[in-house]
Amino acid sequence: MSGQRIIAIDGPAASGKSTVAHETAKRLNCIYVDSGALYRGVTWKMIQAGVDTKHSLQVIPALLKSKWTFTVRDGAVVFSIDGVEPGDALRSKQVTEAVSDIAAMPPVRKFVVHRLRKLSSLGSLAMEGRDIGSVVFPKTPYKFYLDASPEERAKRRHAEFTAKGEPEKAQEVLESLQRRDQKDSSRKTAPLKIADGAYVIDTSGHNVEEVTKIVIDRIHELERPRSEAMISPGLYRAACNVLGFGLKICNQIKVVGLQNVPKTGGLIIASNHASYLDPPAIGSFCRMRTIHFMARDTLFRNPLMSGFMRHVGVIPLDRERGGDLKAMKTAIQLLQDGGAVALFPEGTRTTDGNLQPPKPGVGFLVAKGCSPVVPVYIHGSYEAWSKYSGGLKRVPITVIFGQLITREEIRRLGTGRKAYALIGELIMKRIAELKEKFEKGQIDE
Ligand code: DC
């Protein structure tokens, strides 16, 4: 990831957002920003200046006179006001009690929001607050809203104060926190709310490590190549239903061996290829998995077709370039994330109905994807609609899902070019065995 990330982490007090934002910033090399500290800074300055924090007519002129400077220290943004760094004073009881009134004043919010936005010139940010995803950076794709049950929040505050040797303060602090939440959620300007598109995480019962992992996984998910991110489950289902129905009516399709398909985990489905009917013959009936097919990119030239294929998760493959690295990377990432990828090892549809040798890239993909392979033999699709059949014929089709080629079996073939060739050959051998069994009538339909 080379671009800039603005990670917005919003939520009520004691939802865990500070620790999670800190941890996320550290792991993703972002600058941590506590936006609440700026509202606290304004409040602190007003108290210092003897300004009544409930009266915006007094607050605003004093605020506009103040000079703020920002720096990054130990991976976090720190600031000074009129040359003084408020530091721990930002967390004093006096500031804490007055900050909600200050944060509810629209001109204060405008002042703070403007400064928060300018911080983006420093680089990637993990910013925590109440309105970061909704107001400060509404366009960022990385929006999170952390929440926790009141009991959990009380528990966290209790633990925090017990650790500080002041357990009696926990109740008092919780009540103050609830009062602030109430004010922050009911104010007119930028109230605490879930931003559009924010990913909501209930942190109750999860530790920092777990929540940080959820946040980081989500960020990586959002950054995954479009072919996967764009899969539209509704369209995928509809396509399977319509095409599956067509294959039943027109080709009396029979599908056997579906029990060989693992329901979860990275998986490669490798089939012989004779017809445009092959992808729907596999996908429409293998409904325990959402399958990403690899298909030559020339099929994406027609805009309508391209839109459809992208929405059903097809990975475009540049066959001219042999090993299309971008497509390979997409497929490998999908497999590592537990997805299912279908490919045709022969590369292109057969011209004579016979099986063809595997393409060199297949073994590489299988080895790098570290996933088991289900070999598939499709019988009849060549006769039903081949390159030269001149259209669709009402010929019966049978799809056979064979025994899984396990990861261990693949690993045993080694690494490097020679191993890649052997992997491709092994897959085609298993497909050929299924063909032979079918032709000898040894497959129970
Ligand atoms: O997170 P905190 O307790 O330090 O926040 C201090 C106050 O500032 C709290 O009342 C909520 C308010 N705040 C806000 O209104 N918007 C933000 N983005 C961050 C904090």
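Residues numbered from 1 in each chain as written. Predicted model: local features only at pLDDT ≥ 70, side-chain atom pairs only at ≥ 80, totals over all residues. Heavy atoms only, no water.

A. Layout of the site of the ligand. Taken together, 17 residues form the shell around the ligand, and within it Arg 40, Arg 109, Asp 131, Arg 180 and Arg 187 come nearest. At 2.9 Å from an oxygen atom of the ligand is found a side-chain nitrogen or oxygen belonging to Arg 109. Taking Arg 130, its side chain carries an N or O atom lying 2.9 Å from an oxygen atom of the ligand. Here the ligand has 440 Å² of accessible area as a free molecule, and 97% of this is covered by the chains. Every element with two or more residues in the shell around the ligand is listed here: α2 (35–48), α4 (93–103) and α8 (169–186). Looking at the shell around the ligand, the element that brings in the most residues is α2, giving four residues. Residues belonging to the shell around the ligand are distributed by class as follows: four nonpolar, four polar and nine charged. (Near = heavy atom within 4 Å. Polar contact = N/O pair within 3.5 Å; in protein donor to acceptor, adjacent residues only side chain to side chain. Areas by Shrake-Rupley, 256 points an atom, 1.4 Å probe, with all protein chains shown as cover. Helix = DSSP H or I, 4+ residues; strand = E, 2+ residues; numbered from the N terminus. Nonpolar A, V, L, I, M, F, W, Y, C, P; charged D, E, K, R; others polar.)

B. Structural context of the packing of aromatic side chains. Applying the stated rule across the entire model yields nine aromatic pairs. Consider the rings of Phe 144 and Tyr 199, whose centres lie 6.2 Å apart with planes at 85°: the pair is edge-to-face. A residue pair is termed long-range when its members are at least 10 positions apart, and Phe 144 in strand β6 (residues 143–147) and Tyr 199 in strand β7 (residues 199–202) qualify at 55 residues. On the basis of relative accessibility, which here comes to 31%, the residue Tyr 199 falls in the partly exposed class. Their ring planes at 20° and their centres at 6.5 Å tell us that Phe 293 and Phe 344 sit as a pair that is stacked. Here the residue Phe 293 occupies a position in strand β10 (residues 291–296), and Phe 344 occupies one in the loop between β12 (340–343) and α15 (360–369), the gap between them amounting to 51 residues. The two residues Phe 293 and Phe 344 agree in class, both being buried. By the ring-pair criterion, three or more aromatic residues cluster together here, those being Trp 68, Phe 70, Phe 79 and Phe 111. (Phe/Tyr/Trp six-rings, centres within 6.5 Å; stacked < 30°, edge-to-face > 60°. Buried < 20%, exposed > 50% of the residue type's maximum accessible area, 1.4 Å probe, protein only.)

C. Up close: the packing of α15 against helix α18 (residues 416–439). Two numbers describe how α15 lies on α18: the axes approach to 7 Å, and their chain directions differ by 100°. When the axes of α15 and α18 are compared, the pair comes out roughly perpendicular. Residue-level contacts link Val 362, Gly 363, Phe 364, Val 366, Ala 367 and Lys 368 of α15 to Tyr 420, Ile 423, Gly 424 and Ile 427 of α18. Looking at the contact of α15 with α18 residue by residue, the class counts come to seven nonpolar, two polar and one charged. (Axes fitted to C-alpha atoms, helices over the stretch in contact; angles between N-to-C directions. Parallel < 35°, antiparallel > 145°, perpendicular 65-115°, else oblique. Contact = heavy atoms within 4.5 Å.)

D. Molecular detail of the domain arrangement of the protein chain. The assigned domain composition of the protein chain is domain 1 (6–223) and domain 2 (233–439). Distance from the C-alpha centre of domain 1 to the C-alpha centre of domain 2: 50 Å. (Domains from an automatic or database assignment.)

E. Here's a closer look at unusual backbone geometry. Phi at Asn 29 is positive, roughly 60°, even though this residue is not glycine. In this structure, Asn 29 sits in the loop between α1 (17–28) and β2 (31–34). Among the residues examined, Asn 29 registers a relative accessible area of 69% and is labelled exposed.

F. Geometry of the nonpolar core. Ranked by size, the top nonpolar core spans 36 residues in total, and within it Val 108, Leu 116 and Met 127 carry the most contacts. The dominant element in this core, judged by the number of residues it contributes, is α2, at six residues. (Core = buried A, V, L, I, M, F, W, Y, C linked by side-chain atoms within 4.5 Å.)

G. The environment of Asp 74, seen in detail. Mapped onto the fold, Asp 74 is located in the loop between β3 (68–73) and β4 (76–81). Since its relative accessible area comes to 78%, Asp 74 is described here as exposed. Measuring from C-alpha to C-alpha, the distance between Asp 74 and Lys 26 comes to 9.8 Å, with 48 residues separating the pair along the chain.

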